[in-house]
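# A look at the structure
Spelled out, the chains give:
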Amino acid sequence: MSTSQTATLDDQPAPVRARLAAAWTSFMFLYAYVDILNFFTPGVVDDILDGKVFEFDLSQTFSTAALALVAIPALMIVLSMTLPARADRITNLVVASLYVPVTVFNLAGASWLYFYGLGVVLELALLALIVRYAWTWPRTTTAPRPHRPATAL
């Protein structure tokens, strides 16, 4: 009779920084792919060729603003791994919170509500996860210094 032992996997928790960077990476993939897949929506490419995106005229200003909107979450990937803990926590809380209305705005005027709705729901779930990770960032406690009586001169 043989006995077999099953080894359990070592399931170490990922550091907060890695979880934040992973969530921002996932957010960026969704953000980019929703925009890319949008090109398959009837009329979108024609509108772009006519110089319009949604209600906006294509211009250097529009393209610069669009680049900034994409660059910020892209930079959050590296910032989540490199900023000091306090700055990292605050930056993630602020940026994720500011991207909630930006993300919801993407539903404005959407003709394919299932497509955009799913994209927005997934992006909002990731933003909520980022806020949760940053909000619940573990703290370390330092042992109080022992009290030393004053010495006489």
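Residues numbered from 1 in each chain as written. Predicted model: local features only at pLDDT ≥ 70, side-chain atom pairs only at ≥ 80, totals over all residues. Heavy atoms only, no water.

## What about the overall build of the chain?
Secondary structure assignment for the chain yields five helices and two strands. Helices and strands in the chain line up, N terminus first, as α-α-β-β-α-α-α. Compactness check: the chain gives a C-alpha radius of gyration of 23 Å against a globular reference of 15 Å for 153 residues, more than 25% above the reference. Overall, the chain is about 85 × 75 × 20 Å in size when its C-alpha atoms are taken along their principal axes. (Helix = DSSP H or I, 4+ residues; strand = E, 2+ residues; numbered from the N terminus. Rg over C-alpha atoms; globule rule 2.2 N^0.38 Å.)

## Describing the nonpolar core
Considering soluble globular proteins, one finds that nonpolar side chains tend to be buried as a cluster. Grouped together as the largest cluster of nonpolar side chains are 15 residues, with contacts concentrated most on Leu20, Trp24, Phe27, Tyr99, Leu127 and Ile130. For this core, the element with the most residues is helix H1 (residues 16-38), which contributes six residues. Beyond its immediate stretch of four places on either side in the chain, Tyr99 contacts Phe27, Tyr31, Ala68, Leu69, Ile72, Pro73 and Leu127. (Core = buried A, V, L, I, M, F, W, Y, C linked by side-chain atoms within 4.5 Å. Buried < 20%, exposed > 50% of the residue type's maximum accessible area, 1.4 Å probe, protein only. Contact = heavy atoms within 4.5 Å.)

## Considering a nonpolar patch on the surface
A cluster of nonpolar side chains, Phe29, Tyr33, Ile36, Leu37, Phe39, Phe40, Val45 and Leu49, forms an exposed patch at the surface whose accessible area comes to about 860 Å². Sorting the residues of the nonpolar patch by element identifies H1 and helix H2 (44-49) as the ones contributing at least two each. With four residues, H1 is the largest single contributor of residues to the nonpolar patch. In this structure, Phe39 sits in the loop between H1 and H2. (Patch = residues over 30% accessible without salt bridge, like charges linked within 9 Å, V, L, I, M, F, W, Y side chains within 5 Å. Areas by Shrake-Rupley, 256 points an atom, 1.4 Å probe, with all protein chains shown as cover. Salt bridge = Lys/Arg side-chain N within 4 Å of Asp/Glu carboxyl O.)

## Brief notes about the packing of H1 against helix H5 (residues 113-135)
Two elements in contact, H1 and H5, have axes separated by 10 Å at closest approach and are oriented at 165°. Judged by the inter-axis angle, H1 sits roughly antiparallel to H5. Between H1 and H5 the crossing geometry is left-handed. Residues Val16, Arg19, Leu20, Ala23, Trp24, Ser26, Phe27, Leu30, Tyr31, Val34, Leu37 and Asn38 of H1 form the contact with H5, whose participating residues are Phe115, Tyr116, Gly119, Leu122, Glu123, Leu126, Leu127, Ile130, Tyr133 and Ala134. (Axes fitted to C-alpha atoms, helices over the stretch in contact; angles between N-to-C directions. Parallel < 35°, antiparallel > 145°, perpendicular 65-115°, else oblique. Left-handed = near helix turned anticlockwise from the far one by under 90°.)

## Focus: the pattern of salt bridges
Taken as a whole and assessed by the stated rule, the structure comprises two salt bridges. Taking the shortest distance from any N to any O, the salt bridge between Asp88 and Arg17 comes out at 3.1 Å. Highlighted residues: Asp88 in helix H4 (residues 85-105) and Arg17 in helix H1, separated in sequence by 71 residues. Its relative accessible area of 0% is what places Asp88 among the buried residues. Assessed through its relative accessible area of 24%, Arg17 is described here as partly exposed. With a shortest N-O distance of 2.6 Å, Asp57 and Lys52 are connected by a salt bridge.

## Here we look at the packing of aromatic side chains
Applying the stated rule across the entire model yields six aromatic pairs. Consider the rings of Phe29 and Tyr33, whose centres lie 6.5 Å apart with planes at 20°: the pair is stacked. With Phe29 and Tyr33 both in helix H1, this residue pair falls four residues apart, about one helical turn. A relative accessible area of 53% places Phe29 in the exposed class. Take Tyr33: its relative accessible area is 45%, and that puts it in the partly exposed class. Where Tyr31 meets Tyr99, the ring centres are 6.4 Å apart and the plane angle is 65°; that geometry is what we call edge-to-face. Here Tyr99 lies in helix H4 and Tyr31 lies in helix H1, a separation of 68 residues in the sequence. Each member of the pair Tyr31 and Tyr99 is classed as buried. Put simply, the rings of Trp24, Phe27, Tyr31 and Tyr99 pair up and form one aromatic cluster. Across the ring face of Trp135, the terminal group of Arg89 is positioned such that the distance to the ring centre comes to 5.4 Å. (Phe/Tyr/Trp six-rings, centres within 6.5 Å; stacked < 30°, edge-to-face > 60°. Lys NZ or Arg CZ within 6 Å of the ring centre and 35° of its normal.)

Nothing here speaks to function; it is all geometry.
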